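An overview of the molecular structure
What follows is the residue order along each chain.
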Amino acid sequence: MIEVEHLTKKYGDLVAVKDLSFKVGKGKIWGLLGPNAAGKTTTMRILTGYLPATEGKATVAGFDVFEQPNDVKRIIGYLPEVVPLYPEMTVSDYLSFVAAIKQVPAAKRRAALERAIEISGLKDARKKLIQTISRGFKQRVGIAQALIHNPDVLVLDEPTIGLDPAQIIQIRGLIKSLKGEHTIILSTHILPEVTQTCDGVAIINEGRLMASGSLEDLTASFREKSGVILKLRKGHEEALAALRELPGVESVARHDGELAVEWSPNKDLREAVAKLVVETGWGLLEMRTESMNIEELYRRIVSGGVEQ
Amino acid sequence: MRNIWSIAKKEIRTYFSTPIAYVVIAVFLILTGFFFYSALWWFNSQAIQMAQNPYYAQQMNINQMVYTPLFNNISIILLLMLPLLTMRLFSEEMKSGTDELLYTSPLSVGQIILGKYLAALVVLATMLGLSGSLSIFTFAFGNPELPQILNGYLGLFLMGAAFIAAGVFFSSLTKNQVVSAILTFGALLLFWILNWASYSASGMWKGVLNYLSIFQHFDDMTRGILDTKDLVYYLSFAFFGLFLTHSVILSRRWR
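This structure is a prediction, so every number in the text was calculated from the model and none was measured. (Residues numbered from 1 in each chain as written. Chains lettered and ligands numbered in written order. Predicted model: local features only at pLDDT ≥ 70, side-chain atom pairs only at ≥ 80, totals over all residues.)

1. Some words on the sheet that holds strand β5 (residues 63-64) of chain A
All names here are of chain A.
- If you trace the 4 strands from one edge of the open sheet to the other, you get β2-β1-β4-β5, paired in antiparallel fashion. Two strands lie at the open edges of the sheet, namely β2 (14-24) and β5, each paired on one side alone.
- Two elements, strand β1 (residues 2-11) and β2, share 7 bridges in a ladder whose sense is antiparallel. Bridging from a neighbouring strand, Glu3 pairs with Lys23 of β2.
- Each of β1, β2 and β4 (55-60) touches helix α1 (residues 40-47); the most contacted strand, β1, lies at about 115 degrees to it. (Pairing = 2+ DSSP bridges. Helix = DSSP H or I, 4+ residues; strand = E, 2+ residues; numbered from the N terminus. Contact = placed C-beta atoms within 7 Å. Axes fitted to C-alpha atoms, helices over the stretch in contact; angles between N-to-C directions.)

2. Looking at the interface of chain A and chain B
- Taken together, the contact between chain A and chain B spans 20 residues of the former and 17 residues of the latter.
- At the level of secondary structure, the elements contributing two or more residues to the side of chain A that touches chain B comprise α2 (69-75) and α3 (91-101) of chain A.
- Broken down by element, the side of chain A that touches chain B gets its largest block of residues, 4 residues, from α3 of chain A.
- Taken together, the residues that form the side of chain A that touches chain B break down as 12 nonpolar, 4 polar and 4 charged. (Nonpolar A, V, L, I, M, F, W, Y, C, P; charged D, E, K, R; others polar.)

3. Some details on the confidence of the model for chain B
Residue and element names in this part refer to chain B.
- In this model, chain B carries a mean pLDDT of 89, and residues with pLDDT of at least 70 account for 99%.
- Mean pLDDT values over the elements of chain B span from 74, in helix α3 (residues 54-59), up to 95, in helix α7 (residues 109-132).
- In the predicted complex, the global pTM is 0.84; the interface-specific ipTM is 0.87. (pLDDT = per-residue confidence, 0-100.)

4. Some points on the nonpolar core
- Of all hydrophobic cores here, the largest spans 136 residues; its most connected members are Ala162 and Ala165 of chain B.
- The leading source of residues in this core is helix α9 (residues 146-171) of chain B, at 14 residues.
- Ignoring sequence-local partners within four residues, the contact set of Ala162 of chain B consists of Tyr234, Phe237 and Ala238 of chain B.
- The next biggest cluster of nonpolar side chains, apart from the first, holds 11 residues, and it includes Leu232, Ala239, Val249 and Val252 of chain A. (Core = buried A, V, L, I, M, F, W, Y, C linked by C-beta atoms within 7 Å. Buried ≥ 20, exposed ≤ 12 C-beta atoms within 10 Å, placed from the backbone.)

5. Quick look at the sheet that holds strand β8 (residues 183-188) of chain A
Residues and elements named next belong to chain A.
- Reading across from one edge, β6-β7-β8-β3-β9-β10 is the order of the 6 strands in this open sheet, with mixed pairing throughout. The open sheet has two free edges, formed respectively by β6 (76-79) and β10 (208-214), since each of these has just one partner strand. Across this sheet, the average inter-strand angle for adjacent strands is 15 degrees, counted without regard to direction.
- Pairing of strand β7 (residues 153-157) with β8, which is carried by 5 bridges, proceeds in the parallel orientation. Looking across to β8, one finds that Asp157 is bridged to Ser187.
- Along the sheet, α1 makes contact with β3 (29-33), β7, β8 and β9 (200-205), crossing β7 at roughly 150 degrees.
- Each of β6 and β7 is contacted by helix α5 (residues 135-147), which is oriented at about 165 degrees to β6, the strand it contacts most.

Quick look at the structure:
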């Protein structure tokens, strides 16, 4: 449904997105996960036709975002990071306006409005001025405007940001209920959002794709790796170098004063690693096994511990 | 066309659901009413004096003595007030991030610009239309020539349309509404007084500066003369303003 190929966006010298590629299947919810300023918003702005890419290609439902922007805009519903609301309008006036500019035929506008209000739970707020409603309701209005023309694709930029925990749960539930009928791509910097609502994820950092795939695949691939976490009193630099030299070791990463040593799953190097560490006298304080999961991966990506 | 109207309708609604349109229209009418009253009072006192001499009484012309100065005054009020009407059109969208909604909707940039332009024209037409009601008095107690008055109003509308196009352009340049209004006002004033520079210019430049000056084109209209040269001037001024707006918006997004 959504295909992004080698997408690059530069603002002058600043590279916001670099050589990004991923695919989202029809009817799925995909998360674009990454820390702030990772390039999530830029990617979404390119997909929705707000910004042109510097290089690369993006297609939505077979339409090229750059060649056929109006075809793409017709089938995309977009909730930008800053919800685009006109405070002096009432909720229903605002939604009617959005329906009109999203090319909903005049005869169907009424029904589209009712549907959007129903789905996003805005019944009590429809006659209120947007400037008077709460943050949570504003976010719902934002989702309602993205849904109003019943688009095949929904692009939601940080849909739960700034909401209280109860509202977050409501919005997540709302997003999940839209799955199937709509293909959804949402961005977030919070991992649980992805694990709770999404089918797949593209993790990006500093504009580059760090990992992508369905949640099952990603989790499975990490389970296949084994390794240990070491806590040493001293000699981190030497240990890092020496452990990398150890036959069978695939990677050694360092974060928070700990070393994560990994090797392929068909080996067991625990004994060898322990021997090396004890013999060289780096002051072993702790050695534990930890299966790497998606959380661990994300944490390392954010702290810059994963080398590509 | 339908898209242009969707945008225009929303903008008109915004003008009239916030105080902007009411304040602009009210202040405009108060000032216009004051100028009208002063011109009429002056005409009246002249008439009383002239009444003693039948020859001079024949020379009294309400169009020349009331409407020409009134139209000149209204044009100055428009110069001062229209930038306040146009300053929000694009600046506000950029500041609040709502431009993202517009540009990700299946609309062309041209449709968005024309919709906003049309909305401001509607407010301008309302202002001028309401001020036209003052003529009830002159028609009730005198016999002014209607075609000349209509011509003057047409001139004001065209001039206002040109001002608004300039305002739309400056609004597309900045997120800051005040900056947008100041730039519009400055640019319009400069165009207004451009013919001053023609006094010291010579040859071709004299003609060019004179032609570019807004004031030069309005002068004929207040006297009831409709010249295609002036019509072309205002329409091309407006077109140029909107065209520049289009270029600015497109180039910003491609940066």
